[in-house]
Amino acid sequence: MTHARDREPIFAVATGNSTTAVAIIRISGENILPLLAKIIPKRDQWQARHAYLLKLTDNDSHLDTCLALFFPAPHSYSGQEMLEIHCHGGNYIRHRLCELLQACGIRAAEAGELTKRAFLNGKIDLIHAEGIAQLINADTETQWRAAQQLTSGSLPQQLNTLRNELIKALSLLNAAIDFPDERETQVLQTKAVETAIITASDQIKCMLTSYQQGRIAAHGLRIALVGRPNAGKSSLLNLLLQQPRAIVSTIAGTTRDYLEENFLLDGRLFKLVDTAGLHDTDDHIEQHGIKNTNAVITNCDLVCLLKAVDDPSPALELEATQVLRLTNKIDLATSTQRQRAQRQGLIISCQTGEGIEQFQRHLIKIFDHHIAPLKSQNSTISCERHYLALQRSISALQLALQELRQHNRAECIAFELQVAVRELADIVGNVSNDEVLAEIFGKFCLGK
């Protein structure tokens, strides 16, 4: 649903607000060219996608010489009339041009507003829009690959195919409701509906199982650094980041709350979480930190469980999906302690750097194992919004199948199928909730 505000003329600096050789300012809206008459020389005709060398005017004075490209509606990124001005990227020129555009009645765009208009005008679907946001924010190849899957169109195609099959099943149910006395036809219709539900459920299950690798590829592998106090968790964090991010002290319990930082390793994104040490304590603040540590453990992809080589305490046992055991401070070990530690897992020294390269290679191997299916799958789920909608869809399908097999009340089955169809449609972009759209497009940069 479009509002009057979505048709207003807007502008956005696509190249950001830092000093650049060239600044690109994008203008979009209905009938924008007459509004620009005060600052751009009037032309009898604008040829589409043709670069014009123009002089920008500031109160009859020459402001800058620029390039301008015109994109007529609907053949533009936003689906509206668009003009791109390529001017020199100095702060004064850029700021002054923005002031002149506002004086012409063109307002500054909100974050993601150009892409939102592209969606509202049917240029792209919502999945494609989310893929654009991921492309802009991609720092690694795996993030780029996950974003490419969203912009490729394969996921909307698969979802629309599923949706159409369920709509066919709904039409059969409607026929059963309208003609309840045709028993032989109803038997055939029931089998067809059941087949459609089972087929759709199986495909959605496959898509849901792809979420873990898609999420890791797009947002990084989350690693919790866990252990008793003074095991070297903060030292390891600082060593991997190559900066003193966490306070390191010989005093036990220095880390009271968890600290999360991004870490790039050979083109792979990791999210390192330094946590409070696990031990028995009467200190209420430490108890709260330990509670947070346990919460982090349940919400991470990998736990790196550190133990100091000179710590006589028994090994911690954790309930986690994947645990990598590390023995730290190996530079202090006797030959017997070193041999014992090597049998238990990887050995490292945050003091000397021993074993760190082997540890990093191990992290790369774990990361690649998680995202291995990404290259072979056409439709991988990497957005939480998609994942939750698919969960709601398959829950409705399961209720529909249960109803069909136990009671076979066509009205009840049809209701659940309608829920499933609606959830699939919402992923692609059948969304009328302005708050949902604001949440999605608010994550974009101002120039997009």
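Note: the structure precedes this text.
These numbers come from a predicted model, not from an experiment.

S.K.: Could you give me a rundown of the packing of aromatic side chains, with the residues and numbers involved?
M.R.: Evaluation of the coordinates by the stated rule reveals five aromatic pairs. Centre to centre, the rings of Trp 46 and Phe 70 are 6.2 Å apart; their planes meet at 50°, and the pair counts as tilted. In this pair, Trp 46 sits in the loop between β2 (20-29) and β3 (51-58) while Phe 70 sits in strand β4 (residues 61-71), placing the two residues 24 residues apart along the sequence. Judged by relative accessible area, which is 15%, Trp 46 ranks as buried. Its relative accessible area of 7% is what places Phe 70 among the buried residues. With a centroid separation of 6.1 Å and 40° between ring planes, the pair formed by Phe 263 and Phe 270 is classed as tilted. The pair Phe 263 / Phe 270 is uniform in exposure class, with both members buried. Pairwise contacts between aromatic rings join Trp 46, Tyr 52 and Phe 70 into one cluster.

S.K.: Could you give an account of the sheet that holds strand β1 (residues 10-13), naming the residues involved and the relevant values?
M.R.: Strand pairing in a sheet is mediated by backbone hydrogen bonds. Such pairs are either parallel or antiparallel. Reading across from one edge, β3-β4-β5-β2-β1-β6 is the order of the six strands in this open sheet, with mixed pairing throughout. Single-partner strands in this sheet number two, and they are β3 and β6 (107-108). As paired elements, β1 and β2 share four bridges and run antiparallel to each other. Residue pairing across strands places Ile 10 opposite Ser 28, the latter belonging to β2.

S.K.: So, the pairing of β2: which residues are in play, and what are the values?
M.R.: Taking the residues that link successive antiparallel strands as the turn, the β1-β2 hairpin has six residues, and the phi of Gly 16 there is positive, at about 85°. Taken together, the nine bridges between β2 and strand β5 (residues 81-89) define a ladder with antiparallel strand orientation. The residue of β5 that forms the bridge with Gly 29 is Glu 81.

S.K.: So what about the nonpolar core? Which residues, and what values?
M.R.: One finds Leu 159, Leu 390 and Leu 417 to be the most contacted residues of the largest nonpolar core, which totals 37 residues. Residue assignment for this core shows that the elements contributing at least two residues are α5 (154-178), α6 (183-209), α12 (384-406) and α13 (410-428). Once you skip the residues sitting within four places of it in the chain, Leu 159 turns out to touch Ile 127, Met 207, Leu 390, Leu 424, Ile 427 and Val 428. Among the nonpolar cores identified, the runner-up in size contains 33 residues, and Ala 146, Ile 216, Ile 223 and Ala 246 belong to it.

S.K.: Which residues make up the sheet that holds strand β9 (residues 268-274), and what values do they have?
M.R.: Read from one edge to the other, the open sheet built from six strands follows the order β8-β9-β7-β10-β11-β12, with strand pairing classed as mixed. In the strand order of this sheet, the two ends are held by β8 (259-265) and β12 (346-347), each with one partner. Judged from the five bridges that link them, strand β7 (residues 221-227) and β9 form a sheet pairing that is parallel. Each bridged residue has a counterpart across the sheet, and for Arg 222 the counterpart in β9 is Lys 271. Running over the sheet, helix α11 (residues 356-371) touches β7, β8, β9, β10 (302-308), β11 (323-328) and β12 and is turned about 115° from β9.

S.K.: Hey, could you go over the environment of Ala 108 for me, with residue numbers and the actual values?
M.R.: Within the secondary structure, Ala 108 sits in strand β6. Taking the C-alpha atoms as reference points, Ala 108 and Phe 11, 97 residues apart in sequence, are found 5.1 Å from one another. Not counting residues up to four positions away in its chain, the partners in contact with Ala 108 are Phe 11 and Gln 102.

S.K.: Now, about the environment of Ala 246: what can you tell me, with residues and values included?
M.R.: Counting through the fold element by element, Ala 246 comes out in the loop between α8 (233-241) and β8. Distance in space between the C-alpha atoms of Ala 246 and Thr 140 is 25 Å, their sequence separation being 106 residues.

Rules behind the numbers
- Residues numbered from 1 in each chain as written.
- Predicted model: local features only at pLDDT ≥ 70, side-chain atom pairs only at ≥ 80, totals over all residues.
- Heavy atoms only, no water.
- Phe/Tyr/Trp six-rings, centres within 6.5 Å; stacked < 30°, edge-to-face > 60°.
- Helix = DSSP H or I, 4+ residues; strand = E, 2+ residues; numbered from the N terminus.
- Buried < 20%, exposed > 50% of the residue type's maximum accessible area, 1.4 Å probe, protein only.
- Pairing = 2+ DSSP bridges.
- Core = buried A, V, L, I, M, F, W, Y, C linked by side-chain atoms within 4.5 Å.
- Contact = heavy atoms within 4.5 Å.
- Axes fitted to C-alpha atoms, helices over the stretch in contact; angles between N-to-C directions.

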